[in-house]
Amino acid sequence: MKSATQIAADVRSGASSAAAELERTLSVIAERNEELNVFLHVDIDGARAAAADVDARIANGDNVGPLAGVPIAIKDNLCQVGIPTTCSSKILEGWRPPYNATVIERIVAAGAVPVGKTNLDEFAMGSSTENSAFGPSRNPLDPTRVPGGSSGGSAAAVASNMTSLSLGSDTGGSIRQPAALCGLVGVKPTYGLVSRYGLIAFASSLDQIGPFSKTVADSALLLEVLAGHDPKDSTSLPEASPSLVAHVNDGVAGQRIGLVRELFDGADESVVTAVRAAAAALREAGAKIVDLSIPELELTLSAYYLIAPAEASSNLARYDGVRYGLRVKADDVTAMMEATRTAGFGAEVKRRIMLGTYALSAGYYDAYYGQALKVRTLTINAFARAYEQVDLLLGATTPSVAFKFGAKTADPMAMYLNDVFTIPTNLAGDPALSVPFTTGEEGLPIGVQLLGPGRSEARLFAAARVLEIADGRP
Ligand code: GLN
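First, a word on scope: everything that follows refers to the structure included in this document. (Residues numbered from 1 in each chain as written. Predicted model: local features only at pLDDT ≥ 70, side-chain atom pairs only at ≥ 80, totals over all residues. Heavy atoms only, no water.)

### Side note on the side chain of Thr-171
Mapped onto the secondary structure, Thr-171 falls in the loop between strand S4 (165-170) and helix H6 (176-182). The class of Thr-171 is buried, set by a relative accessible area of 3%. Looking at Thr-171, its side chain comes within polar contact range of the side chain of Asp-207, at 2.7 Å. Other than its neighbours up to four places away in sequence, Thr-171 contacts Phe-202, Ala-203, Leu-206, Asp-207, Tyr-304 and Asn-426. (Helix = DSSP H or I, 4+ residues; strand = E, 2+ residues; numbered from the N terminus. Buried < 20%, exposed > 50% of the residue type's maximum accessible area, 1.4 Å probe, protein only. Polar contact = N/O pair within 3.5 Å; in protein donor to acceptor, adjacent residues only side chain to side chain. Contact = heavy atoms within 4.5 Å.)

Right under this line is the structure:
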């Protein structure tokens, strides 16, 4: 499968065309989507029109942009004008957004071709896509296993060679975790680097949109297009998009990288071995590895499962049977809302709404939500102190390789624990990525996680590239 960087170069030079690249994508989708359940909707006509437009502009001598003719899969919690957008929830079934997310505007302006909407855990709550109202996606590397979640469909689209790029969202790990389980690069950018306008809100203080790809360079290419100030998102950082592609091969010579015990302790032996091997590879490339402990990180999973549900309980109040999607008829408005929400939301979403409402209720606010916010401040300060000593941090992305369907559905805590290593940096607002490094049980991929201070994406990509080369992907 060609990289996005290669596709864009070929389309620009005339060696290929946007139409030809799209037809290849559509044929792989036709071959494998039924088995893998990656796309909830494929916009064949819209994608063909977009590809024809790119080819016409190239024939006209226009500069089409860095993603010229690259087919991209879009997580189905991102709004695209006129395209069914469900968040994998029955409550939004049939809804078509009247506007585009800023990221859609940006990728299309850069020449990309959005091909369709990918499956996720309902409202991005989960770690396996088993919470989707439209059935789980399968891991292309082993269809008896989950692709991770919540952006499991976007990960599976790239892992199955349907597309070279996809968009996901990461509130507590939903890009990095599926990237790790599917053998991909996945990036959670600095909070505010990428506009959230048109991303259907889960937990607004944590949500970020980011890329999936097979190569480090491709994620840098896409993130450069996504990033930059957007007046439509009040939390958008003021700066323009950073230069990322140009720094991918900067290496790690002279960098200090902290190997954080709390970010791999308790993981399976194969994962711990991979993290230690990654540290050795970075040292070999000239980095100084420093053993670190950040004890505060042990509190972050509990804090996240108060803050994220609290925000979700508020954000999901808008699904009332009046404004969007599903309406279950009843005798009066209260009964209609109750019946609509009862029928429209799945079990995990209801659990989060109840957890969040409880954590915010008058008698318990200080004990739960208030305490969680204090932990969040401790986490921010603990990371800031670590970044006074080192440039980047290294740990595991997930505790294990991809697990089997049903392995964690009976116990919500078992599912939540998948994100124990990814959640801390969402609370801090700092960037992190997962890059495949070695394999574990049954030859399944392992992802190692690199974390950095705010706006350190260029440095993260450079370190990830070192690991990519050390792992034999030149
Ligand atoms: N798995 C975590 C959760 O269920 C994170 C989800 C995400 O990042 N969207 O909340």
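That shown, we press on.
### Section: the layout of surface pockets
Considering only enclosed or pocket space, the largest pocket measures out at about 310 Å³ in volume. If you go around the largest pocket, you meet 18 residues; those closest to its centre are Gly-183, Lys-214, Thr-215, Glu-468 and Arg-473. Where the lining of the largest pocket is concerned, the elements lending two or more residues are helix H7 (216-226) and helix H15 (457-470). Split by residue class, the lining of the largest pocket holds nine nonpolar, four polar and five charged. (1 Å grid on protein atoms, 1.4 Å probe; cavity = no way out; pocket = protein on both sides within 12 Å on 5 of 7 lines; lining within 4 Å. Points joined across faces, edges and corners; volume = space filled by probe spheres on them. Nonpolar A, V, L, I, M, F, W, Y, C, P; charged D, E, K, R; others polar.)

### Some thoughts on the pattern of salt bridges
Tallying each qualifying case throughout the model produces 17 salt bridges. As a salt-bridge pair, Arg-352 and Glu-348 come within 2.6 Å of each other at their nearest N and O atoms. Taken together, the residues span about one helical turn, with Arg-352 and Glu-348 both in helix H11 (residues 347-360) at a distance of four residues. A salt bridge links Arg-465 to Glu-468; the nearest nitrogen and oxygen atoms lie 2.8 Å apart. Taken as a pair, Arg-465 and Glu-468 lie in helix H15 at a separation of three residues, close to a single helical turn. The buried category is assigned to Arg-465, whose relative accessible area is 13%. Look at the salt bridges and you will find they share partners, linking Lys-2, Asp-10 and Glu-21 into a network. (Salt bridge = Lys/Arg side-chain N within 4 Å of Asp/Glu carboxyl O.)

### A closer look at unusual backbone geometry
Omega for the peptide link from Gly-149 to Ser-150 comes to 10°, which places this bond in the cis form. Among the structural elements, Ser-150 can be located in the loop between strand S3 (113-118) and helix H5 (152-159). Unlike most non-glycine residues, Cys-87 shows phi in positive territory, near 55°. Relative to the helices and strands, Cys-87 resides in the loop between strand S2 (71-75) and helix H4 (102-109). Judged by relative accessible area, which is 1%, Cys-87 ranks as buried. One non-glycine residue, Thr-438, lies in the positive phi region at around 60°.

### Concerning the nonpolar core
In terms of nonpolar packing, the biggest core is built from 85 residues, with Leu-67, Ile-72, Ile-107, Leu-167, Leu-282, Leu-394 and Leu-450 touching the most fellow members. Looking at this core, the element that brings in the most residues is helix H8 (residues 269-284), giving eight residues. With 32 residues, the next largest nonpolar core counts Ile-91, Met-125, Leu-316 and Ile-423 among its residues. (Core = buried A, V, L, I, M, F, W, Y, C linked by side-chain atoms within 4.5 Å.)

### Digging into the packing of aromatic side chains
On inspection of all chains with the given rule, the structure shows 13 aromatic pairs. Seen in terms of ring centroids, Phe-123 and Tyr-319 are 5.0 Å apart; in terms of plane orientation they differ by 45°. Their pairing is tilted. Taken as a pair, Phe-123 in the loop between S3 and H5 and Tyr-319 in the loop between helix H9 (300-315) and helix H10 (333-344) lie far apart in primary sequence, 196 residues in all. For the pair Phe-123 and Tyr-319, one class covers both residues: buried. Summarising the aromatic geometry, the rings of Phe-123 and Phe-345 are spaced 6.0 Å apart at their centres and angled 70° between planes, so their arrangement reads as edge-to-face. In this pair, Phe-123 sits in the loop between S3 and H5 while Phe-345 sits in the loop between H10 and H11, placing the two residues 222 residues apart along the sequence. A relative accessible area of 5% places Phe-345 in the buried class. Linked through ring pairs, Trp-95, Phe-123, Tyr-319, Tyr-324 and Phe-345 together constitute an aromatic cluster. Between the NZ or CZ atom of Arg-138 and the centre of the ring of Phe-405, over which it lies, the distance is 4.9 Å. (Phe/Tyr/Trp six-rings, centres within 6.5 Å; stacked < 30°, edge-to-face > 60°. Lys NZ or Arg CZ within 6 Å of the ring centre and 35° of its normal.)

Keep in mind these values describe shape, not function.
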